[in-house]
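Spelled out from the first residue to the last, the chains are:
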2 protein chains.
Amino acid sequence: MASHRYCVIMCGGVGSRFWPYSRENRPKQFLDFFGTGRSLLQMSYDRILPLVPKENIVVVTNAKYASLIREQLPDIDERNILLEPARRNTAPCIAWAAYHISAIDPEASMIVTPSDHLITSEGEFQDCVMRGFDFVENHDALLTLGIKPVRPETGYGYIQIGKEEEPGILKVKTFTEKPNLELAKVFLDSGEFFWNAGIFIWKASSIIDALHRYDSDLMVHFDSGKDYFGTPQENEFIEENFASCPANSIDYAVMEKADNVYVECTSFGWNDLGTWSALYDQSPKRENDNVAGDTPLLSYESSGNIFAVNSDKLIVVHGLHDYIVADTGDVLLVCPKSEEQRIKQMVYDVNVSFGDKYL
Amino acid sequence: MASHRYCVIMCGGVGSRFWPYSRENRPKQFLDFFGTGRSLLQMSYDRILPLVPKENIVVVTNAKYASLIREQLPDIDERNILLEPARRNTAPCIAWAAYHISAIDPEASMIVTPSDHLITSEGEFQDCVMRGFDFVENHDALLTLGIKPVRPETGYGYIQIGKEEEPGILKVKTFTEKPNLELAKVFLDSGEFFWNAGIFIWKASSIIDALHRYDSDLMVHFDSGKDYFGTPQENEFIEENFASCPANSIDYAVMEKADNVYVECTSFGWNDLGTWSALYDQSPKRENDNVAGDTPLLSYESSGNIFAVNSDKLIVVHGLHDYIVADTGDVLLVCPKSEEQRIKQMVYDVNVSFGDKYL
């Protein structure tokens, strides 16, 4: 049975919200965020390895990160690294991976997971994924993982649950956009809403069917190459056709439209590490609630800061509260945590003023 | 006439107020503070070179900075580098230099100058020094330079002027300690007070006489070696005796006590660069009154900061006002300008916590 189970790790993000710590040539998923010696990508791989045979793990990434993948995941077979010639969001990525896998194994089921999230209770995650595989193998279902919310988070999308299909697996009633704080509190109190973790489990054939039904504009691009998947011509076909796919998210293309969408409700520790503040919240605190990893730090009248500094640089700080201080050798960023949504604009300005030297 | 004129550049300071930019192994005077390609010491040397023959310029410094002196002032003869085995403030430094010079040239007159101040109008400085030499060569006088104050500065000592002896040169009535702001304003308005720049001109014989009269505790240490100055035994004598001299400033030892003390009143641009704020005031401002030299900088809602960053590192800063940000590769200091008097304590704490690694 296990040999029909596959994993797709999506690994093409640019992580610009974590600039300058995350860089265009080494984005977030390739960084050792927690000083554990393993990058977020490697942690994602390690987590899935007990569930799926190594040779069934597929990584989809941008072509420019090929060498980083080979460096960080040396055990992955070259044929399991899918290199996108262009960034087109998750729908084309998943369509390709599903066709690729189903050409190899028409009976395949697959979990699709981001490479840059944090999951803290791996045992619970693994149990959840196994139950999920069992479910989709017996139903034509598109399953998404929903995390029981523990705070009124405004940075995540939510899933409203419907009727229970079997213990812990329910029909999805609606997907919601990121709520404002008031609404997020209502969601939290209702018990009916779960965080949308962006982790999916389904049979390859189920998602290919659903994509045909709900995003035919995308699938015309893939259907013309149906015969090439799983053959030596696959890469050439992708090289010629992938960039013309319309960019779209799998949520928008399929999940919000299909009627066979289910959510497996779970409560493992999860954080999408989408923001500096999220990283701050997840990180161990030192004196005065400063986060600085193992960096030598002397702080005076300073609290709530997050210092992301390479190497064993000494930080001495006075009178600084709730700031991000990121120092990468060639860039120093000092910015209040409350203003971090402006970092994308700053990165844009840096590009305008200095070209790509600091990106 | 010019050949009896000497210059003593005092160059032994540690500059801990500018830590981490100024370091124990390369203090302030050895740094290219203004990105001109010349250190403060080199600027001091360049300034004096038109006034005094090169072979008459003597540098007094701590033994540990010998190689820095040779590197930065390669034209200085080895015999003109006086290496103090210990830090004993300005009185022992000046006593040694005066004995050293007077052994070579009993008719010598000399200017004594710090190596770590900024002087912006060199022509005016040079005219002033020439008038000063003329004066002390014709009087048994201890002459100090007084700068016409341009603001109620509380970081400097002041000199109150007395009777005019000749145009621009007056008897000193009193030396004052650093005043509070109220008093500094009174000083400024009165027109009777000048900044004490710590630059002195006198005959070598005059200061030796005065040191004997007013600081005999110090001079016993030097008199025992009288016969060695100007001979190959001088360094050995200093090595054995200098450290036993009591530490004392020349102001306290002589200037505040002697009755032949004169001030030459001048108004060249001068700053002792004693504080980050002083450096900030003297530095060209960029957008929003930030100081950053030529460092690439993008600032958002940030003003009045001083960034001292080595190399061509990019600084991106949001919501920071009136801070010092000093980044030296191995140390990052972030501190409000208004708290800079605490940097000495921070340096002490760094030493306690991490040893001398970051000093």
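Since the model is a prediction, treat every value here as computed from it, not as a measurement.

A. Structural view of the overall build of chain A. When helices and strands are counted, chain A shows 11 helices and 16 strands. Relative to the compact-globule value of 21 Å for 359 residues, chain A shows a C-alpha radius of gyration of 21 Å, a close match. Projected onto the principal axes, the alpha-carbon positions of chain A cover approximately 60 × 50 × 35 Å. By residue count, 57% of the 359 residues in chain A fall in the buried class. Counting only contacts in chain A whose residues sit at least 6 apart along the sequence, the fraction spanning at least 24 positions is 65%. Total accessible area on chain A stands at roughly 14700 Å², and carbon and sulfur atoms take up 48% of it.

B. The pairing of strand β14 (residues 314-318) of chain A, seen in detail. Judged by how many residues are buried, β14(A) sits mostly within the fold: five of five residues are covered. Covered by surrounding structure in β14(A) are A:Leu314, A:Val316 and A:His318 together with A:Ile315 and A:Val317, the residues of both alternating faces. Two elements, strand β12 (residues 297-300) of chain A and β14(A), share four bridges in a ladder whose sense is parallel. Counted as the bridge partner of A:Leu298 is A:Val316 from β14(A). Taken together, the four bridges between β14(A) and strand β16 (residues 331-336) of chain B define a ladder with parallel strand orientation. Paired with A:Ile315 across the bridge in β16(B) is B:Leu332.

C. How the structure looks around the packing of helix α3 (residues 90-104) of chain B against helix α7 (residues 216-223) of chain B. All names here are of chain B. It is at 11 Å that the axes of α3 and α7 come closest, and there the two elements cross at 40°. On the basis of their axis angle, the class for α3 and α7 is oblique. Once α3 is placed against α7, the crossing between them reads as right-handed. On α7, the residues touching Ala 91, Pro 92, Ala 95, Trp 96 and Tyr 99 of α3 are Leu 218, Met 219, Phe 222 and Asp 223.

D. Layout of the sheet that holds strand β12 (residues 297-300) of chain B. A sheet is described by the order of its strands in space; here five strands give the open sequence β13(A)-β15(A)-β16(A)-β14(B)-β12(B), paired in mixed fashion. Of all strands in the sheet, those bounded by a partner on one side alone are β13 (306-309) of chain A together with β12 of chain B. On average, adjacent strands in this sheet sit at an angle of 5° to one another, irrespective of strand direction. Inspection of the sheet shows strand β15 (residues 323-327) of chain A paired to strand β16 (residues 331-336) of chain A by five bridges, in the antiparallel sense. Within the sheet, the bridge partner assigned to A:Asp327 lies in β16(A) and is A:Leu332.

E. Representation of the pattern of salt bridges in the model. Tallying each qualifying case throughout the model produces 36 salt bridges over all chains. A salt bridge links A:Arg5 to A:Glu137; the nearest nitrogen and oxygen atoms lie 2.9 Å apart. One end of the pair, A:Arg5, is in strand β1 (residues 5-10); the other, A:Glu137, is in helix α4 (residues 122-138), with 132 residues separating them in the sequence. No difference in accessibility class separates A:Arg5 from A:Glu137, as the two residues are buried. Between B:Glu78 and B:Arg70 there is a salt bridge; the shortest N-O distance is 2.6 Å. Judged by its relative accessible area of 44%, B:Glu78 is partly exposed. Residue classification places B:Arg70 among the partly exposed positions, given a relative accessible area of 38%. Beyond isolated ion pairs, a larger network of salt bridges with shared partners links A:Lys313, A:Asp327, B:Lys313 and B:Asp327.

F. Inspection of the relation of the copies chain A and chain B at higher detail. Here chain A sits on chain B after a turn of 179° about the axis and a move of 0.1 Å along it, with an RMSD of 0.1 Å. What the superposition gives is, in effect, a two-fold axis relating one chain to the other. Among all residues of chain A, the one whose C-alpha sits closest to the rotation axis is A:Gly329, at a distance of 3.6 Å. Of the interface residues in chain A, 97% have counterparts in chain B that sit at the interface too, so the contact is made through matching surfaces.

G. How the structure looks around helix α6 (residues 204-214) of chain B. The complete set of buried residues in α6(B) reads B:Ala204, B:Ser206, B:Ile207, B:Ile208, B:Ala210 and B:Leu211. Among the structural elements, α3, β4 (109-114), β6 (142-147), β9 (193-203), α7 and α9 (250-255) of chain B are those in contact with the buried residues of α6(B).

H. Just the packing of helix α3 (residues 90-104) of chain A against helix α6 (residues 204-214) of chain A, in detail. Residue and element names in this part refer to chain A. Packing of α3 against α6 brings their axes to within 9 Å, and their N-to-C directions diverge by 135°. It follows that α3 is oblique to α6 by the angle criterion. Two packed elements cross with a definite hand, and for α3 against α6 that hand is left-handed. Contact with α3, carried on its side by Ile 94, Ala 95, Ala 98, Tyr 99 and Ser 102, involves Ala 204, Ile 207, Ile 208, Leu 211 and His 212 of α6 and no other residues of that element.

I. Summary view of the sheet that holds β12(A). Spatially, β12(A)-β14(A)-β16(B)-β15(B)-β13(B) is the arrangement adopted by the five strands of the open sheet, whose pairing is mixed. Every other strand in the sheet has two partners, leaving β12 of chain A together with β13 (306-309) of chain B as the edge strands with one partner each. The sheet shows a mean angle of 5° between the axes of neighbouring strands, direction not considered. Each of β12 and β14 of chain A together with β15 (323-327) and β16 of chain B is contacted by helix α11 (residues 343-354) of chain B, which is oriented at about 145° to β12(A), the strand it contacts most.

J. Up close: the packing of aromatic side chains. This model, assessed by the stated rule, comprises 44 aromatic pairs over all chains. Ring centres of A:Trp195 and A:Trp270 lie 6.2 Å apart, and the angle between their planes is 50°; on these two criteria the pair is classed as tilted. Taken together, the residues A:Trp195 in strand β9 (residues 193-203) and A:Trp270 in strand β11 (residues 270-271) connect sequence positions 75 residues apart. Grouped by ring-pair contacts, the aromatic residues A:Trp96, A:Tyr99, A:Phe222, A:Tyr228, A:Phe229, A:Phe237 and A:Phe242 constitute a single cluster. A cation over a ring is seen here: B:Lys171 above B:Tyr262, with NZ or CZ 5.1 Å from the ring centre.

K. Region of the structure containing the interface of chain A and chain B. Counting residues at the interface gives 36 residues for chain A and 35 residues for chain B. Across the interface of chain A and chain B, roughly 2900 Å² is buried in total on both sides, 61% from carbon and sulfur atoms. When the buried area of chain A at its contact with chain B is split by residue, A:Leu314, A:His318 and A:Leu332 rank highest and sum to 23% of it. Counting the contacts that link chain A with chain B gives six salt bridges.

L. Just the confidence of the model for chain A, in detail. With 99% of its residues at a pLDDT of 70 or more, chain A has an overall mean of 94. Per the prediction output, this complex has pTM 0.82; the corresponding ipTM is 0.82.

M. Looking closely at the environment of A:Asp227. In this structure, A:Asp227 sits in the loop between α7 (216-223) and α8 (234-241). Between the C-alpha atom of A:Asp227 and that of A:Phe237, which follows or precedes it by 10 residues, the distance is 10.0 Å.

Definitions and cut-offs
- Residues numbered from 1 in each chain as written.
- Chains lettered and ligands numbered in written order.
- Predicted model: local features only at pLDDT ≥ 70, side-chain atom pairs only at ≥ 80, totals over all residues.
- Heavy atoms only, no water.
- Helix = DSSP H or I, 4+ residues; strand = E, 2+ residues; numbered from the N terminus.
- Rg over C-alpha atoms; globule rule 2.2 N^0.38 Å.
- Buried < 20%, exposed > 50% of the residue type's maximum accessible area, 1.4 Å probe, protein only.
- Contact = heavy atoms within 4.5 Å.
- Areas by Shrake-Rupley, 256 points an atom, 1.4 Å probe, with all protein chains shown as cover.
- Pairing = 2+ DSSP bridges.
- Axes fitted to C-alpha atoms, helices over the stretch in contact; angles between N-to-C directions.
- Parallel < 35°, antiparallel > 145°, perpendicular 65-115°, else oblique.
- Left-handed = near helix turned anticlockwise from the far one by under 90°.
- Salt bridge = Lys/Arg side-chain N within 4 Å of Asp/Glu carboxyl O.
- Least-squares fit on C-alpha atoms with pLDDT ≥ 70 in both.
- Phe/Tyr/Trp six-rings, centres within 6.5 Å; stacked < 30°, edge-to-face > 60°.
- Lys NZ or Arg CZ within 6 Å of the ring centre and 35° of its normal.
- Buried area = accessible area lost by both parts, 1.4 Å probe.
- pLDDT = per-residue confidence, 0-100.

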